Structure formats: structure tokens, C-alpha cells
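What follows is each chain in one-letter form.
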Amino acid sequence: MTPEARREANEKLLQEHGIPINPHLPMIEDADAITLRTEEELWGRLVALWGVVGAAMLRQNAFFKEYFSPLARRTLLTADEATFLFDDAPQEEDRIRFSWRLEAMMFLAWCAGLVDDPGMPAAPSSAEAILPLYPHDLGDAVMLREAIRVRPKEEILDWADRLYRLHWAVRDAHLNRREPPPGLNPGVVLEWHHAVNWMTRYG
């Protein structure tokens, strides 16, 4: 699909859902100009997000600190994630912020072929479908690695363009002090957009 056709299809979809569009937003890049993250990179990001989301939501659980103590695993974390994960008394605002990373994890799980089409970013996600792929001891996430099958680039780019336009819609509503567009959760939109930008190496 050409960038023009992708934009047109997503604008039509948003209009069908009653979501405002901005006809002046540019197109995303052509598929030939984009290199997706590898299966190995995607695996590492899914493991890291599992760690920080788990630490944020379970609160008193020390399992993730121990799990990511080995250098090979700690390097999967960003500096910000490592600071949070190894903080013995993280701020509540950081717990909330990293709890939201569940949405990025689940969108990347879709990119990895681990879950079905996520639909519009409305209700918060559940990780129930993929948690059995993660280790319950201190072993490596081998089952997760073996299950990953990166989706076709065209499918991921369709979502990259869609989320670009959805992000504009929720941000425009916020800036103009309006209710979010129907059927959209701004926090979910934001996390999915960040996730797809990482997957397509945007920026």
C-alpha cells in the first residue's frame, strides 16, 4: 500500500468511528524507507516491559529486581527503567507511569504475533494471554522468544499511520479542553503510539 492510500484508508476508518481527522497531517514514510525492529530486539523489549510493569503493579514484589540483576538482563532495560526497577522506594507517580507501559507491552505483543488484532485503543489491555510465555522462576524467557513471529511490515505501518492520526485527535481534544473522541482512551493511544514508533525506528 502506498503512503497516500494508507492515509486515505485510515482517515476513512476514523471518520466511520466519529473521530476527528486533520487533513493536513503528512503521510508516514514508504515501507521501503522503514526497517522494523528484529525479533531479538522485540523479544528484549517485551522482557524489559514485563519487568517494569510487573514491578509497578505488584509493588512489594522483589522478584523483578532479582531477575534483572544479571548484567545481560539489566542491559535490556533503558536507563529510566533500570532506575525505577532498582529503586527500593519509587515515587507513586513513577509506579503509575510504568503501570501504563502495560499498553506498550501489549501493542508490541501484537507486533510479535502473540495476540490478535487489538482493535481501537479504547479499554485498558490485559496481559493474561501472554503471561504464560514469561518465566515464573529466574530462568530466561525462552518460551517468549520462540513464540515471536513479527507481523508483516505493511500491517505494522497501517497501525503506525493510524496511531499518528489518533494521537493528533486526542491531543487536539486535550488542548481545546474537549472530551476525548468517542471510543478512545488517551493513555492507551499514547502508549501504543510510542510502541509503534519504537517498532518502526521512528526518530
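As a reminder, the structure under discussion sits directly above these lines.
Everything numeric here is computed off the predicted structure, so don't read it as measured data. (Residues numbered from 1 in each chain as written. Predicted model: local features only at pLDDT ≥ 70, side-chain atom pairs only at ≥ 80, totals over all residues. Heavy atoms only, no water.)

## Points about the overall build of the protein chain
Regarding its fold elements, the protein chain presents 10 helices and 0 strands. Put simply, the protein chain runs from its N terminus to its C terminus through helices and strands in the order α-α-α-α-α-α-α-α-α-α. Taken against the 2.2 N^0.38 rule, which gives 17 Å for 203 residues, the C-alpha radius of gyration of the protein chain at 18 Å falls within 12% of a compact globule. Dimensions along the principal axes, computed over C-alpha positions, put the protein chain at roughly 50 × 40 × 30 Å. Residue burial in the protein chain is summarised as follows: out of 203 residues, 44% are buried. A fraction of 73% describes how many contacts in the protein chain between residues 6 or more apart in sequence connect residues 24 or more apart. (Helix = DSSP H or I, 4+ residues; strand = E, 2+ residues; numbered from the N terminus. Rg over C-alpha atoms; globule rule 2.2 N^0.38 Å. Buried < 20%, exposed > 50% of the residue type's maximum accessible area, 1.4 Å probe, protein only. Contact = heavy atoms within 4.5 Å.)

## Quick word on the nonpolar core
Within soluble globular proteins, side chains that are nonpolar generally end up buried alongside one another. Among the nonpolar cores identified, the biggest contains 60 residues, and Leu46, Met105, Phe107, Leu114, Ile130 and Leu144 are the most heavily contacted of them. When residues of this core are traced back to their parent elements, those giving at least two are helix H2 (39-58), helix H3 (63-67), helix H5 (79-85), helix H7 (101-111), helix H9 (153-175) and helix H10 (186-199). With 11 residues, H2 is the largest single contributor of residues to this core. Not counting the four nearest positions on each side in its chain, methionine 105 is found in contact with Leu46, Leu49, Trp50, Ala127, Ile130 and Tyr134. (Core = buried A, V, L, I, M, F, W, Y, C linked by side-chain atoms within 4.5 Å.)

## Here's the deal with the side chain of arginine 101
Tracing the sequence through the fold places arginine 101 in helix H7. In terms of polar contacts, arginine 101 uses its side chain to reach the side chain of glutamate 191, at 2.4 Å. Each residue touching arginine 101, except ones within four places of it in the same chain, is listed here: Leu49, Val53, Glu191 and His194. (Polar contact = N/O pair within 3.5 Å; in protein donor to acceptor, adjacent residues only side chain to side chain.)

## A closer look at the pattern of salt bridges
Counted according to the given criterion, the structure contains 15 salt bridges. Among the salt bridges present, the one from arginine 45 reaches glutamate 81, with a minimum N-O distance of 2.8 Å. Remark: glutamate 81 occurs in helix H5 and arginine 45 occurs in helix H2; sequence separation between them is 36 residues. Residues arginine 45 and glutamate 81 agree in their burial class; the two are buried. Aspartate 80 is paired through a salt bridge with arginine 97; the nearest N and O atoms lie 2.8 Å apart. Pair noted here: aspartate 80 is in helix H5 and arginine 97 is in helix H6 (residues 92-99), with a separation of 17 residues, a long-range link. Overall, the relative accessible area of 35% leaves arginine 97 in the partly exposed class. What emerges from the salt-bridge pattern is a single network uniting Arg6, Glu154 and Asp158. (Salt bridge = Lys/Arg side-chain N within 4 Å of Asp/Glu carboxyl O.)

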